[in-house]
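Letter by letter, the chains look like this.
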Amino acid sequence: MTDVLDDLQWRGLIALSTDLDELRAEMAKGPLTYYCGFDPTAPSLHIGNLLQIITVRRLQLAGHRPLALVGGATGLIGDPRPSAERQLNSADTVAEWVERIRGQIEPFLDFTGDNAARMVNNLDWTAPMSAIDFLRDVGKHFRVNKMLTKDAVSARLNSDAGISYTEFSYQILQGMDFLELFRRYGCRLQTGGSDQWGNLTAGTDLIRRVAGESVHLLATPLLVNSAGEKLGKSTGGGSLWMDASMTSPYSLYQYFVNLEDDLVGGLLRKLTFLSREEIEALEKETADRPAARIGQRRLAEELTRIVHGAHETEQVIAASQALFGRGELTSLSASTLRAALSEAGLVRAAPGTSVADLFIAAGLVSSRNEARRTVAEGGAYVNNERVGDAEELVAADRALAGGLLVLRKGKRTFAGVELGSI
Ligand SMILES: N[C@@H](Cc1ccc(O)cc1)C(=O)O
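The rules behind these values
Residue numbers restart at each chain and count upward from 1, following the sequence in its written direction. Thresholds applied to this predicted model are a pLDDT of at least 70 for local features of residues and 80 or more for the giving and counting of side-chain atom pairs; totals over whole chains, interfaces and linings are not thresholded and use all residues. The side-chain numbers reported here are obtained from all heavy atoms of the structure, hydrogens and water having been left aside. UniProt positions are given in the numbering used here, feature names are shortened, and annotations may be inferred rather than shown by experiment. Helix and strand definitions here come from DSSP, where helices need a minimum of 4 consecutive H or I residues and strands a minimum of 2 consecutive E residues; each element is numbered from the N-terminal end. Exposure categories follow from relative accessible area, calculated using a 1.4 Å probe and restricted to protein chains: below 20% of the type maximum is buried, above 50% is exposed, and the middle band is partly exposed. Two residues form a contact once any of their heavy atoms are found within 4.5 Å. Computed with the Shrake-Rupley method and a 1.4 Å probe, the accessible areas treat only the protein chains shown as cover for residues. We count Lys and Arg on the positive side and Asp and Glu on the negative side, and we leave His and both chain ends out. Lys charges are placed at NZ, Arg charges at CZ, Asp charges at CG and Glu charges at CD. Each domain span listed reflects an automatic or database assignment of domains. We define buried area as the total accessible area lost by two parts upon association, computed with a 1.4 Å probe and summed across both. Any Lys or Arg side-chain nitrogen found within 4 Å of a carboxyl oxygen on Asp or Glu counts as a salt bridge. Two N or O atoms count as a polar contact when they lie within 3.5 Å, although within protein this holds only if one can serve as hydrogen donor and the other as acceptor, and sequence-adjacent residues are included solely when both atoms are side-chain atoms. Here the nonpolar group is Ala, Val, Leu, Ile, Met, Phe, Trp, Tyr, Cys and Pro; Asp, Glu, Lys and Arg are the charged ones; every other residue, Gly included, is treated as polar. Each residue is tested against the molecule or strand, and it is near if at least one of its non-hydrogen atoms lies within 4 Å. To get an axis, fit a line to the C-alpha atoms, keeping to the stretch in contact for a helix; angles then go from 0 to 180 degrees between the N-to-C directions. Throughout this description, any angle smaller than 35 degrees is read as roughly parallel, any larger than 145 degrees as roughly antiparallel, any in the 65 to 115 degree range as roughly perpendicular, and the remainder as oblique. For any helix crossing, the convention is left-handed if the near helix is rotated counterclockwise from the far helix by under a right angle, and right-handed if that rotation is clockwise. By construction, the arc corresponds to the directions joining the helix axis to the C-beta atoms.

- Per an unreviewed UniProt entry, the protein chain carries the name Tyrosine--tRNA ligase and comes from Dactylosporangium siamense.
- Under the UniProt heading Subcellular location (unreviewed entry), the note attached to the protein chain is "Cytoplasm".
- Database annotation for the protein chain, UniProt heading Subunit (unreviewed entry): "Homodimer."

Have a look at this one:
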């Protein structure tokens, strides 16, 4: 088997690290216990967190022992962002999100065997600690001068809004977590995103001071597009969430199908479990025949499967094909169809409305004349059937699952109508 660090390197997953040869030597001795933390800052994790989860899984597949930490304590404090102070969420909200996020991580890990994973929550050791103990036993090991140099903190120091003492203290809590996991479970490696470097080194520095040991760090690069912008923002500007009710499987799939060619190879490497041979073949396909979007399709399919499972993925692929006239619309479930059409634009109309009025209401044409012209040219479809008369009335029995209709103009432009009383 190839060395897991070589594999991570080939995948472009190591942006920053402590000494890799020392880590490699420790890993060669047997299962190494490592951890990665996730804060409950929303009801769901997003695609950036997924990169971390998948990296954790890669190390487990290589025989190492993962601790997945959910930040019941750190989620109450808030990791400083370079832009602005976070809104504090209530303890009840954070507790609820902890459970949801735990449920999103668990399916990725194996909780049996020699290198069984374990879930931990930093509220367990942070909540019982008194302010006096925190300041005396932990705070004493941190130099404020050094804390001020951490990226997120220094960015905020130079802004008008400044930074609260609450967020400033965050790095101490994350450092304390590493020390606690080192003591409890012999944890010797922390992984995270490269934007976490300041928080990651807080832990290694603390362990060196308190226990005199050198432990390890691996930081993955942030996912960015070719303009250097954070990846995983959906077309609406929001994040790409793992929760299906926040980002539909269809939107997730479409996001990756529409990805720029330059990014496909890198994301196949970082986000899928496909082998090096398979990925190199897909990279070559993408370079040779970009218009076929084979790499994008495979990436979208793999990710949708990883996040939502095989059944949803089949539905989403069927929906993508059917909406563009290359498959059966009647086989789609109401929820898949609704998710896909919401993306394109979904309006309500009364049963018995004419095709021309439906096309106008859905915004596919701007006038009756244009509707007539589109029909006359043979470019108007209702549920993939070509329309012969713009004044034809569309009755309720034409509706697909969920009372929905798919209107299409030409090959690629479509919109949805929900038939019902208005
Ligand atoms: N600070 C991490 C989450 C985290 C929390 C506690 C830890 O011990 C480790 C990581 C983030 O925002 O992504």
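Having seen it, we continue.
## Quick notes on the overall build of the protein chain
Moving on, step 1. Within the protein chain, the secondary structure is distributed over 20 helices and 13 strands.
Moving on, step 2. Taking all 422 residues of the protein chain together, 49% fall into the buried category.
Moving on, step 3. Partitioning the contacts of the protein chain with sequence separation of at least 6, the portion at a separation of at least 24 is 72%.
Moving on, step 4. With the model as given, the accessible surface of the protein chain reaches about 19500 Å², and the carbon-plus-sulfur share is 50%.
Moving on, step 5. For the protein chain, the centre of its 45 positive side-chain charges and the centre of its 53 negative side-chain charges are spaced 2 Å apart.

## Topic: the domain arrangement of the protein chain
Moving on, step 1. Structurally, the protein chain comprises domain 1 (3–222), domain 2 (223–308) and domain 3 (325–422).
Moving on, step 2. Taken together, the contact between domain 2 and domain 3 spans four residues of the former and four residues of the latter.
Moving on, step 3. Taken over both partners, the interface formed by domain 2 and domain 3 buries close to 370 Å², and the fraction arising from carbon and sulfur atoms is 57%.
Moving on, step 4. Counting across the interface, domain 2 meets domain 3 through zero salt bridges.
Moving on, step 5. Run the count over domain 2 and domain 3 and you get zero residue pairs in polar contact (both at pLDDT 80 or more).
Moving on, step 6. The class makeup of the residues in the side of domain 2 that touches domain 3 is one nonpolar, three polar and no charged.

## Overview of the site of the ligand
Moving on, step 1. Neighbouring the ligand are 13 residues; Tyr-35, Tyr-170, Gln-174, Asp-177 and Gln-196 lie closest to it.
Moving on, step 2. At 2.5 Å from an oxygen atom of the ligand is found a side-chain nitrogen or oxygen belonging to Asp-177.
Moving on, step 3. Here a nitrogen atom of the ligand sits 2.9 Å away from a polar atom, N or O, in the side chain of Gln-196.
Moving on, step 4. Relative to its unbound accessible area of 340 Å², the ligand is 87% covered by the protein chains.

## Topic: the packing of helix α11 (residues 170–185) against helix α12 (residues 197–211)
Moving on, step 1. For the pair α11 and α12, the least separation of the axes is 7 Å and the interaxial angle reads 55°. Considered as vectors, α11 and α12 are oriented oblique to each other. Here the hand of the crossing between α11 and α12 comes out right-handed. Residue-level contacts link Tyr-170, Gln-171, Gln-174, Gly-175, Met-176, Phe-178, Leu-179, Phe-182 and Arg-183 of α11 to Asn-199, Leu-200, Ala-202, Gly-203, Thr-204, Leu-206, Ile-207, Val-210 and Ala-211 of α12.
Moving on, step 2. The residue inventory of the contact of α11 with α12, partitioned by class, reads 11 nonpolar, six polar and one charged.

## Things to note about helix α2 (residues 20–28)
Moving on, step 1. Considered for burial, the residues of α2 that qualify are Leu-20, Leu-23, Glu-26 and Met-27. All buried residues of α2 lie within an arc of 125° about the axis, which places them on one face of the element. Exposed residues pointing more than 90 degrees away from the buried face of α2 are listed as Asp-21 and Ala-28.
Moving on, step 2. Buried residues along α2 sit against α1 (4–10), β1 (16–17), α3 (47–61), β5 (189–193) and β6 (216–220).
Moving on, step 3. Near the N-terminus of α2, the side chain that reaches the backbone nitrogen of Asp-21, with its oxygen 2.9 Å away, is that of Asp-19.
Moving on, step 4. Looking one or two residues past α2, Gly-30 carries a phi angle of roughly 145°, positive in sign.

## Some thoughts on the pattern of salt bridges
Moving on, step 1. Scanning the model with the defined rule gives 28 salt bridges in all.
Moving on, step 2. Two residues, Arg-269 and Glu-283, come together in a salt bridge whose shortest N-O distance is 2.7 Å. Of this pair, Arg-269 sits in helix α14 (residues 261–271) while Glu-283 sits in helix α15 (residues 276–288), and the two are 14 residues apart along the sequence.
Moving on, step 3. Exposure remark for Glu-283: the relative accessible area of 22% places this residue in the partly exposed category.
Moving on, step 4. Across the salt bridge formed by Lys-409 and Glu-370, the nearest N and O atoms sit 3.4 Å from each other. Note that Lys-409 is positioned in strand β12 (residues 404–409) and Glu-370 in helix α20 (residues 368–376), a separation of 39 residues in sequence.

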